[in-house]
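Structural overview
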Amino acid sequence: MPTETVYGLAGNALDPGALAAIFKAKERPTFDPLIVHIGETTLQGLLDAGIVDGARIPTGLRDALDRMASAFWPGPLTLVLPKTPRVPDLATSGLPTVAVRSPRHPVAQALLREAGVPLAAPSANRFGRISPTTAQAVREELGGRIPWILDGGPCEVGLESTIVGMSADGSGELELLRAGGVPIEKIEAVLGYRLKRRTSVAVAGTAAVAPGMLESHYAPAKRLEILPAAVRDLPESFRIAAAEVVGLLAFSGDEGELSKKFSALREGPVRVRVRVLSRTGDLDAAAQALFAAMRELDASDAEVIYAEPCPSSEGLGFAIADRLRRAAAPRG
Ligand code: TXA
Ligand code: MG
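Here we summarise the structure given alongside this text. (Residues numbered from 1 in each chain as written. Chains lettered and ligands numbered in written order. Predicted model: local features only at pLDDT ≥ 70, side-chain atom pairs only at ≥ 80, totals over all residues. Heavy atoms only, no water.)

To continue, consider the overall build of the chain. On a plain count of helices and strands, the chain comes out with 10 helices and 12 strands. Its C-alpha atoms give the chain a radius of gyration of 20 Å, within 12% of the compact-globule value 20 Å for 332 residues. Counting only C-alpha atoms, the chain reaches 65 × 45 × 35 Å along its principal axes. Counting across all 332 residues of the chain, residues that qualify as buried make up 53%. Partitioning the intrachain contacts of the chain with sequence separation of at least 6 by distance along the chain shows that 71% fall at a separation of at least 24. Taking the 37 positively charged and 39 negatively charged side chains of the chain as two groups, their mean positions are separated by 3 Å. (Helix = DSSP H or I, 4+ residues; strand = E, 2+ residues; numbered from the N terminus. Rg over C-alpha atoms; globule rule 2.2 N^0.38 Å. Buried < 20%, exposed > 50% of the residue type's maximum accessible area, 1.4 Å probe, protein only. Contact = heavy atoms within 4.5 Å. Lys, Arg positive; Asp, Glu negative; His and termini not counted. Charge placed at Lys NZ, Arg CZ, Asp CG, Glu CD.)

Now the structure itself:
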């Protein structure tokens with residue numbers, strides 16, 4: 001199903017058979033829990049949906065949750081909260097919490113209404129790979145393994161949802177578990193305080209942390225390297241790999257000029273396949289274009305992909321930088 005962030009592989013969140021089919025189609029390890037999508041857009045609606053256990057939400061957090069739901073639902077914010085027994089363990093990888101969000105894509109909302117059940121939906125890619133932002137990308141990832149692809153057009157946001165949950169350290173504080181489609185500063189403005197940020201990174205095989213935190217994730221098959229600076233600011237001494245064809249993911253500028261400047265960084269001849277995320281350097285536009293551009297360069301004849309560093313850590317810049325870093329992380 002389409003959502004405003006990325007396409008999701010949806011199934012009845014209350015049906016263990018459907019959940020097992022999701023894990024199988026994605027080749028996803030069962031220690032990586034799923035996000036459950038609902039049509040309700042308020043804290044009360046969420047509690048009425050019967051998948052979150054209101055009694056186990058600390059009273060001190062209710063107001064904050066209420067405000068986040070009102071401000072960002074429907075939309076790209078996921079909340080991790082205590083689950084009810086109705087939610088199968090497979091959906092949460094045995095964790096006592098469930099990740100929930102109300103998507104704002106009209107087709108997702110219509111599907112949720114028609115289905116009449118919450119829909120578990122991880123991103124519709126094979127495990128560890130780039131999330132799909134078009135129906136065609138879903139076909140490339142999962143074609144032949146799933147019966148239907150609901151085409152809702154290109155995703156508007158282009159990055160997965162921001163995930164916020166109660167800190168696992170028992171402090172009762174809210175913590176940012178994954179940067180994403182809602183900028184953290186917007187959440188903090190609604191809360192009136194800073195979210196805790198996880199600094200350590202999860203190790204594969206441990207369920208107690210958000211596997212969205214896995215270091216190598218959202219990754220193209222090819223090697224991706226982040227440049228030390230934007231192409232126009234690279235020192236003359238900088239040298240690119242000895243390859244015949246390289247890919248370049250740029251944040252702004254003109255394709256022809258970027259290609260010329262970049263190929264001059266190699267003594268021998270080199271062809272450069274360029275994707276410019278936004279001609280004007282707009283970060284929202286860059287976020288929307290990012291995964292499709294990575295996918296195209298991955299499918300091209302480029303032997304290695306270079307990416308300019310994200311020019312800003314404000315707004316969606318923080319989440320874009322996070323995805324680039326993971327795409328560039330050594331594969332394990
Ligand atoms: O935008 C999105 O969030 C998309 C669309 C389809 O909604 N979905 C998505 O799902 O990105 P997925 O499965 O690729 O990522 C879900 C992340 C996982 O990395 C998982 O760790 C985290 O949500 N998560 C799920 N349940 C959790 C829990 N109980 N505690 C901590 N993290 C959890
Ligand atoms: Mg995913």
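Here we come to the pattern of salt bridges. Tallying each qualifying case throughout the model produces 23 salt bridges. Between Asp-53 and Arg-56 there is a salt bridge whose closest N-O contact spans 3.4 Å. As a salt-bridge pair, Arg-275 and Glu-296 come within 2.3 Å of each other at their nearest N and O atoms. Taken as a pair, Arg-275 in strand β11 (residues 271-276) and Glu-296 in helix α9 (residues 283-299) lie far apart in primary sequence, 21 residues in all. Classification of Glu-296 as partly exposed rests on a relative accessible area of 39%. (Salt bridge = Lys/Arg side-chain N within 4 Å of Asp/Glu carboxyl O.)

On to the packing of helix α3 (residues 59-72) against helix α7 (residues 184-191). Between two packed helices, the angle of one axis relative to the other and the distance separating the axes together describe the packing. The geometry of α3 relative to α7 is characterised by a closest axis approach of 9 Å and an angle of 130° between their N-to-C directions. What the angle tells us is that α3 and α7 run oblique. By crossing handedness, the relation of α3 to α7 is classed as right-handed. Across from Ala-64, Arg-67, Met-68, Ala-71 and Phe-72 in α3, the residues of α7 making contact are Lys-186, Ile-187, Val-190 and Leu-191. Looking at the contact of α3 with α7 residue by residue, the class counts come to seven nonpolar, no polar and two charged. (Axes fitted to C-alpha atoms, helices over the stretch in contact; angles between N-to-C directions. Parallel < 35°, antiparallel > 145°, perpendicular 65-115°, else oblique. Left-handed = near helix turned anticlockwise from the far one by under 90°. Nonpolar A, V, L, I, M, F, W, Y, C, P; charged D, E, K, R; others polar.)

Strands sit in the order β1-β5-β2-β4-β3-β6-β7-β8 across an open sheet of eight strands; the sheet is mixed. Two strands lie at the open edges of the sheet, namely β1 (11-12) and β8 (196-197), each paired on one side alone. (Pairing = 2+ DSSP bridges.)

Looking now at the nonpolar core. Judged by nonpolar contacts, the single largest core of 45 residues is most densely connected at Val-52, Met-68, Leu-77 and Ile-187. Of all the secondary structure elements, the ones that give two or more residues to this core are α1 (16-26), α2 (43-48), α3, β3 (77-82), β4 (97-101), α6 (135-142), β7 (174-178) and α7. Examining the composition of this core, we find that six residues originate from one element, α3, more than from any other. Non-local contacts of Met-68, meaning those with residues more than four positions away in its chain, are made with Trp-73, Leu-77, Leu-79, Val-164, Leu-174, Ile-187, Val-190 and Leu-191. Counting residues in hydrophobic clusters, the runner-up holds 24 residues, among them Leu-277, Ala-287, Ala-293 and Ala-327. (Core = buried A, V, L, I, M, F, W, Y, C linked by side-chain atoms within 4.5 Å.)

Quick look at the pairing of strand β10 (residues 245-250) now. Across a regular strand the side chains alternate sides, sitting on one face of the sheet and then on the other. For β10, the tally of buried residues reaches six of six residues, placing the bulk of the element in the interior. Neither face of β10 is exposed, since Val-245, Gly-247 and Leu-249 on one face and Val-246, Leu-248 and Ala-250 on the opposite face are all buried. Alignment of β10 against β11, held across six bridges, turns out to be parallel. Within the sheet, the bridge partner assigned to Leu-249 lies in β11 and is Arg-275. Crossover handedness for the path β10 to helix α8 (residues 255-263) to β11: right-handed. Relative to strand β12 (residues 304-307), β10 runs parallel, the two being bridged by four bridges. Following the sheet pairing, Gly-247 is matched in β12 by Ile-305. (Right-handed = clockwise from strand over helix to strand, strands pointing away.)

Looking now at the packing of aromatic side chains. Taken as a whole and assessed by the stated rule, the structure comprises one aromatic pair. Arranged with centres 5.4 Å apart and planes meeting at 70°, the rings of Phe-262 and Tyr-306 form a pair that is edge-to-face. In this pair, Phe-262 is assigned in helix α8 and Tyr-306 in strand β12, connecting sequence segments 44 residues apart. Look at Phe-262 and you get buried, because its relative accessible area is 0%. By relative accessible area, Tyr-306 is classed as buried at 2%. (Phe/Tyr/Trp six-rings, centres within 6.5 Å; stacked < 30°, edge-to-face > 60°.)

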